[in-house]
Amino acid sequence: MTTSSVSKGCFVFKPSAKKKKTLSLEDHFTHGCKDAENSQTRFQICQHLWDKIKTDSEILQDELYRKILDRLLDFTKKCSVTRQHSDWASQMRASEIPTAALVLGVNVPDHDMTFQSLFELLQQSVTPFVTSVQAKECGALKHLMKRVLERLMGTTVVDDDEEEEEAEQNSALLHKNVYCSLSMLCDWYDSKTKKSRTGTPGKKRSSSSDEQQPPIVIIFKDLEAFNPKVLQDFILICSQYIERLPLMFIFGIATSPSTIQHMLPHSVSSLLCIELFQSLACTQHLSTVIDKLILTHHFPFKLNGKVMQVLMSIFLYHDFSVRNFTKGIQLALLEHFHSQPLSVLCCNKKEALRNVTKLSDSNLEKIRHLPSFKRYIEKQETQDQQVNLLTNDDHVKEVCQKLIKDLHKYHKNFFPVLRCLHTLTSSLPRYPLGKQLRELYLVCLEKNVWENEDYLTAIKLLKMLAKDELVRMLQRCEEILQPVKSKKMRNTVVQLKDLLTTFKQLDISAETPCVEDTIISPVKDLQKKTDLFQLQKTLLEMNRSRRAKRLSPFEALRNEAVEFIDNLVKSHLSPPESQTLNEVCYYSSSATVRRHLNATPRTSIQAALSSPYYYLQNEILKTDDGSVSNTAPDICITYKLHLECGRLINLYDWLEAYSTVVSAAEGNDPDSGATGKVDEIKHARFIQAVSELEFLGFIKPTKQKTDHVARLTWGGC
C-alpha cells in the first residue's frame, strides 16, 4: 500500500529591487530639445547663466535690504537693553511691548525672502527665540497661541478642546504635550535662560551678557490678513506677561502704517511701543536688478523689446514682484536655450569663438537661414562673396567668428553710451525719454532712437542748458565711459576731455555782444491794437532777427557738445535687430512668456469645454463645424447647452436637452416615448456635470426661482 503526501502552500517571492530611473535635469532639458546634437553644451551654458542670475539676484537682495535689516537688529538690541535700566522712563517703556512696523510694500511675493533673511539674522546675532506666523494658519486665538508656543518650544501644544480627546485616546502620551498658555511659556523661558547662565561655569562672560535676557521675537508676516479680534486678544494677553517675558513684535505691513490704527483700537495700540521701518521701493529694486543683470555686456543673454515689455507690464500691473520678474528672465533663458540650436554661441566671447569651430553642417545651414545673416549676405558687394557665404562652410565659420566679435563689441559700447544719454536726458523737463534707464532702453530696443520725436525734443532742450549744468553732465559721461576698454570709447573720452577743457577756458565775461546794437526790436513798433496779419508779420520779423544773431562762444561750444553727443548716439545706439547674428543672444518669443507668466485660466477652461478634442486627442470627439460631439464628456455637453440659454436656466429643460443628446449618442431614438423618462444614471451624470460647472464659476443657484440657476459668464469661446 502506497501513501502519498501532498503539501500545499503559499510562497511569496519578492521581486528584485529595481531602482527607479530618475531623470536628471539634463535629461529633462534634452527631451524634446531641438537639434539634440549640441544639447549637452547648451544645457551647460544655460545652467551656468541660470546660476549666475540666481546668485546675483540674491546678492542684490541682501545688499539692498542690508540697511533696513541692520536697523531692525539695532532696534531689537536696544529694546533688550532698555529692560535692564532702572530709571523711570525705561521702566515705563519696558511696560510696553516693543513693536517694529516693517512696511515692505505691495510686492507680497518678495516678502518671504526678506523675512527669511531677518529670521536668520535675528537668530545669529540677537536671540535664539524667534518665530513667525501667517494669517492663514491663525484663524482663531487658540490657533495663534498654539503656533507661537509650538515653534518657540519645539513641542506639541494641546488646547482645552483637544485635552479630553487626547486623554481618551492615549493618556500615556499626555506628559509629552504642553498646554496652550503663556504661563507655560514663562516657565519654559525661565528654565532655558537659567540653563544658558549655568551651562558654562568655566567661561568668563561679559557682565552685559549675564544681565541681559534674550528677547522673544514674534514676526507677523502679513498683518493686514489677520483677524483684528484675534490680534487684539493676543496683544492683550501678552501685555499681562510682559514683566516675565521680554516679548517683541515685528509687523509685516504691505500697504500703509495706518493699518495698525484701523485694526487696533487705542486701548490695544497703547500697549505697544511702535517704531516705523520703511523698506526700499520695489521700483528702485527692479531698476537695480535690470541694471546689474540686463544692462551689462558681461551677461550674454538678452531680451528683445517685446519680451521686456511683457515682463515690465506684469511687474507694473500685476504684482510688483522683483522675484517674479527674475523668474521671468530665467524662463526666457530656458526657452531660448531649449528652442534655439544656435544658442550654443550665447556665452562669453572666448567660449563662443571656440563653439563656432564645432558647429555642424546643419547648424551652419540654420545660420544661413537667419534673417540677420540673410541681410548680411545681401549687403555683400560682389556676387562671388554671396556665393561663398552660401556654399563654403569654412568661410562661414570665419565670418561667424568675426560677427561674434562685432556683436560683443556692440554690447560693450552700447550700454555705456545708453547710460550717458540717460544722464543727459533724465533731468530734462517732462522727461522726454523717460525718467528711468529701463524706459530709455525699451525705446532703443524698438527702433533708431534718433528718429524718435521725443529724442529730437530732448536735443532741443539740451541746446538750452546752462553752462554749469551741461559741464556737470559731461563730466558724469566721462566717468561712465572712462572704464570701457575699447578704442572707440578711448577716442570718445579724449574728445570729451577736450570739450570740458574748452568750457573751462571759456571766459563768459569776455564774450562779445551777440546782437548788433543797430537792431531795433520790432516789439516797439507794435500798436496797442493790431490785426492778425500785422501780428504775424511782426513775429516773422522777430524770428528773422533772432536767426541773424551771431552765436556767442558758449552757445557755439554748447551746440558742438550736443552734436558730439548726437553723433555718439547714432554710432552706438542702433537697435539690436540691426546687428548680424542677434538671434543668437536675443530671445524674442513674447507670446510664450506671456502664456506662461500671465495665464488666463478662464479662457483656457472655456476652450477645453468647447473643443475637448484638442485636449483629449480622441478622434471620436473631432468635429468640423466647431460644435461639441454628443460623445463628449458630460461637462462639455452641459456647458455647450448652457451657452444657448439666457440669464436664468430652467434645470428641467436643461436636463431634458442633456438626456436627448446623450440618448442620441447611445443609439436610442430621441423621439421615442421612453425618452420622456430620464434614466437615474443619466440624472446622476447630469447633476455631477452641473455641480462641476458651478464649482468652475459658470453658474450659481438663484433665489428668484427655485428650479432655475443663474448664468455667470458671457462671451468667450
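Not measured: the values here are computed from a predicted model.

## Quick notes on the packing of aromatic side chains
Under the defined criterion, the tally for this structure stands at 21 aromatic pairs. On the basis of an interplanar angle of 70 degrees and a centroid distance of 5.5 Å, the ring pair of F129 and W188 is categorised as edge-to-face. Pair noted here: F129 is in the loop between α4 (111-125) and β2 (130-133) and W188 is in helix α7 (residues 182-198), with a separation of 59 residues, a long-range link. Considering the side-chain rings of F129 and Y189, the 5.5 Å spacing of their centres and the 70 degrees angle between planes classify their relative orientation as edge-to-face. Of the two residues, F129 is situated in the loop between α4 and β2 and Y189 in helix α7; the sequence distance between them amounts to 60 residues. The exposure class of F129 is buried, given its relative accessible area of 12%. Grouped by ring-pair contacts, the aromatic residues F220, F226, F234, F249 and F251 constitute a single cluster.

## Things to note about a nonpolar patch on the surface
Judged by side-chain polarity, L532, L535 and L539 come together as a nonpolar surface patch covering roughly 300 Å² of accessible area. In this fold, L539 is placed in helix α24 (residues 532-547).

## Digging into the environment of C346
In this structure, C346 sits in the loop between α14 (322-339) and α15 (349-356). Along the primary structure C346 and C585 are separated by 239 residues, whereas in three dimensions their C-alpha atoms are 5.2 Å apart.

## Describing the confidence of the model for the protein chain
Averaged over the protein chain, the pLDDT score is 84; the fraction of residues at 70 or greater is 83%. Long-range and interchain partners of residues 512-522, a stretch whose pLDDT sits below 50, account for eight contacts in this model, where long-range means more than four residues apart.

## Considerations on the pattern of salt bridges
Once the charged atoms of two side chains with opposite charge are near each other, the side chains can pair. Evaluated as defined, the whole model comprises 13 salt bridges. In this structure, D187 and R244 form a salt bridge, with 3.4 Å as the shortest nitrogen-oxygen distance. Of this pair, D187 sits in helix α7 while R244 is found in the loop between α9 (228-239) and β6 (247-253), placing the two residues 57 residues apart along the sequence. The partner of D190 in a salt bridge is R244, with the nearest N and O atoms 4.0 Å apart. Remark: R244 occurs in the loop between α9 and β6 and D190 occurs in helix α7; sequence separation between them is 54 residues. On the basis of relative accessibility, which here comes to 28%, the residue D190 falls in the partly exposed class.

## Remarks on the pairing of strand β1 (residues 97-103)
Of all the seven residues making up β1, seven are buried; the element is thus mostly covered by neighbouring parts of the structure. Bridge analysis of β1 against strand β7 (residues 272-278) gives seven bridges, and the strand direction is parallel. Bridge pairing in β7 places A101 opposite L276. Sheet topology note: the β1/β6 ladder contains five bridges and is parallel. Bridged to L102 within β6 is G252.

## Some points on the sheet that holds β1
The strand order β2-β5-β6-β1-β7 describes an open sheet built from five strands, whose pairing is parallel. Both outer strands of the open sheet, β2 and β7, are each paired with one neighbouring strand and no more. Neighbour-to-neighbour, the strand axes of this sheet turn through a mean angle of 20 degrees, independent of strand direction.

## Here's the deal with the layout of surface pockets
Estimates place the volume of the largest pocket at around 820 Å³. K405, L407, H408, K409 and K412 are the residues nearest the centre of the largest pocket, which is lined by 33 residues in total. Of all elements in the fold, only α2 (39-82), α15, α19 (393-425), α23 (487-505) and α25 (553-572) reach the threshold of two or more residues within the lining of the largest pocket. Looking at the lining of the largest pocket element by element, the count peaks at ten residues for α19. Class assignment of the residues belonging to the lining of the largest pocket gives a composition of nine nonpolar, 13 polar and eleven charged.

## Section: the nonpolar core
The biggest cluster of nonpolar side chains holds 106 residues, and the ones touching the most others in it are I294, L303, F373 and L418. The element that contributes the greatest number of residues to this core is α19, accounting for 14 residues. Apart from residues lying up to four places away in sequence, I294 is in contact with V289, K302, L303, M308, F325, I329, F415 and Y441. Of all hydrophobic cores here, the second largest spans 39 residues; its members include L144, F234, C238 and M263.

## Some thoughts on a positive patch on the surface
On the surface, a cluster of positive charge is made up of K349, K350, K405, K409, K485, K487, K488 and R490. Since its relative accessible area comes to 70%, K350 is described here as exposed.

## With respect to the packing of helix α30 (residues 651-665) against helix α31 (residues 680-696)
At a minimum axis distance of 10 Å, the contact between α30 and α31 shows a crossing angle of 120 degrees. Crossing angle aside, the handedness with which α30 passes α31 is right-handed. Between α30 and α31, the residues in contact are L651, W654, L655, Y658, S659, V662 and S663 and K682, H683, R685, F686, V690 and L693, respectively. Grouping the amino acids of the contact of α30 with α31 by side-chain chemistry returns eight nonpolar, three polar and two charged.

## Some details on α23
With 19 residues, α23 extends 27 Å from end C-alpha to end C-alpha; this agrees with the ideal 27 Å at 1.5 Å per step. Along α23, the positions that sit buried rather than exposed are M489, T492, V493, L496, L499, L500 and F503. End-on view of α23: buried residues confined to an arc of 120 degrees, all on one side of the axis. Exposed residues lying more than 90 degrees from the buried face of α23 are K487 and Q505. Contact partners of the buried residues in α23: α19, α22 (467-481) and α25.

Parameters and conventions
- Residues numbered from 1 in each chain as written.
- Predicted model: local features only at pLDDT ≥ 70, side-chain atom pairs only at ≥ 80, totals over all residues.
- Heavy atoms only, no water.
- Phe/Tyr/Trp six-rings, centres within 6.5 Å; stacked < 30°, edge-to-face > 60°.
- Helix = DSSP H or I, 4+ residues; strand = E, 2+ residues; numbered from the N terminus.
- Buried < 20%, exposed > 50% of the residue type's maximum accessible area, 1.4 Å probe, protein only.
- Patch = residues over 30% accessible without salt bridge, like charges linked within 9 Å, V, L, I, M, F, W, Y side chains within 5 Å.
- Areas by Shrake-Rupley, 256 points an atom, 1.4 Å probe, with all protein chains shown as cover.
- Salt bridge = Lys/Arg side-chain N within 4 Å of Asp/Glu carboxyl O.
- pLDDT = per-residue confidence, 0-100.
- Contact = heavy atoms within 4.5 Å.
- Pairing = 2+ DSSP bridges.
- Axes fitted to C-alpha atoms, helices over the stretch in contact; angles between N-to-C directions.
- 1 Å grid on protein atoms, 1.4 Å probe; cavity = no way out; pocket = protein on both sides within 12 Å on 5 of 7 lines; lining within 4 Å.
- Points joined across faces, edges and corners; volume = space filled by probe spheres on them.
- Nonpolar A, V, L, I, M, F, W, Y, C, P; charged D, E, K, R; others polar.
- Core = buried A, V, L, I, M, F, W, Y, C linked by side-chain atoms within 4.5 Å.
- Lys, Arg positive; Asp, Glu negative; His and termini not counted.
- Charge placed at Lys NZ, Arg CZ, Asp CG, Glu CD.
- Left-handed = near helix turned anticlockwise from the far one by under 90°.
- Expected span 1.5 Å × (residues − 1).
- Arc of directions from axis to C-beta.

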